[in-house]
Amino acid sequence: MSEIELDKLDRQILNALQENNLTSADRLSETIGLSASAIQRRAKRLRKEKIILQDISVVDPKRVGQMATFIVEASLERENAQVVSNFKRRMMAAPEVQQCYYVTGDSDFILIVTARDIEEYEEVVQRLMFQDGAVRKFRTSVVLSRVKTGLAVAIDEGD
């Protein structure tokens, strides 16, 4: 997938929308110096070209009862296309898995998992790791505090 050419205004719009995607086109036009309709057209194009992938709300896990976060490193028994594809599909379907990365190194996957408590996490592990014969081993780190979370991409606005 090739990089799409973005001008300075596109980059300013992307940075502003990453900070708060509910910022109105009128407010953006004041800070960026482009008409609201031009901002709307550019944002629509950025979505159509799949530069903006989603417009989401970030929920505080603790405020909805998800008091614990875990970082899980999983290694598969064998790494062939079907096994990897099946694991990816299962992680995509698991609501407790916030993020899943297929990685190089000692593990095959890194997961970010939330749960109400350690007991619920144990149930998740039973379902996602132990019941899958493809998982050779996994290691869990318990998150003590969230220092920084997010999905914002650093975008240089250029000159």
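Predicted, not measured: the structure shown is a model, and the values here were computed from it. (Residues numbered from 1 in each chain as written. Predicted model: local features only at pLDDT ≥ 70, side-chain atom pairs only at ≥ 80, totals over all residues. Heavy atoms only, no water.)

A. Seen up close, the overall build of the chain. On a plain count of helices and strands, the chain comes out with five helices and four strands. Across the chain, helices and strands are ordered from the amino to the carboxyl terminus as α-α-α-β-α-β-β-α-β. On C-alpha atoms alone, the chain measures out to a radius of gyration of 20 Å, which is more than a quarter above the 15 Å that the 2.2 N^0.38 rule sets for 159 residues. Projected onto the principal axes, the alpha-carbon positions of the chain cover approximately 55 × 35 × 25 Å. For the chain, buried positions account for 33% of its 159 residues. Pairs at least 24 apart in sequence give 66% of the contacts found in the chain among residues at least 6 apart. (Helix = DSSP H or I, 4+ residues; strand = E, 2+ residues; numbered from the N terminus. Rg over C-alpha atoms; globule rule 2.2 N^0.38 Å. Buried < 20%, exposed > 50% of the residue type's maximum accessible area, 1.4 Å probe, protein only. Contact = heavy atoms within 4.5 Å.)

B. Broad picture of the pattern of salt bridges. Taken as a whole and judged by the stated rule, the model has eight salt bridges. Aspartate 7 is the partner of arginine 42 in a salt bridge, and the nearest nitrogen-oxygen pair spans 2.9 Å. In this pair, arginine 42 sits in helix α3 (residues 36-48) while aspartate 7 sits in the segment before α1 (8-19), placing the two residues 35 residues apart along the sequence. Overall, the relative accessible area of 34% leaves aspartate 7 in the partly exposed class. (Salt bridge = Lys/Arg side-chain N within 4 Å of Asp/Glu carboxyl O.)

C. Geometry of the layout of surface pockets. Estimates place the volume of the largest pocket at around 1,500 Å³. For the lining of the largest pocket, the secondary structure elements donating two or more residues are α1, β1 (68-76), β2 (97-102) and β3 (109-115). Top contributing element to the lining of the largest pocket by residue count: α1, with four residues. (1 Å grid on protein atoms, 1.4 Å probe; cavity = no way out; pocket = protein on both sides within 12 Å on 5 of 7 lines; lining within 4 Å. Points joined across faces, edges and corners; volume = space filled by probe spheres on them.)

D. Region of the structure containing the sheet that holds β2. Pairing within the open sheet is antiparallel, and its four strands lie in the order β2-β3-β1-β4. Where the open sheet ends on each side, the last strands, each with one partner, are β2 and β4 (135-142). Here the strands of the sheet are splayed against their neighbours by 20° on average, with no regard to which way each runs. Here seven bridges tie β1 to β3, and the two strands are oriented antiparallel to one another. Counted as the bridge partner of phenylalanine 70 is valine 113 from β3. The strands that helix α5 (residues 118-130) touches are β1, β2, β3 and β4; relative to β4, the one it contacts most, it runs at about 160°. (Pairing = 2+ DSSP bridges. Axes fitted to C-alpha atoms, helices over the stretch in contact; angles between N-to-C directions.)

On their own, these measurements won't tell you what the molecule is for.
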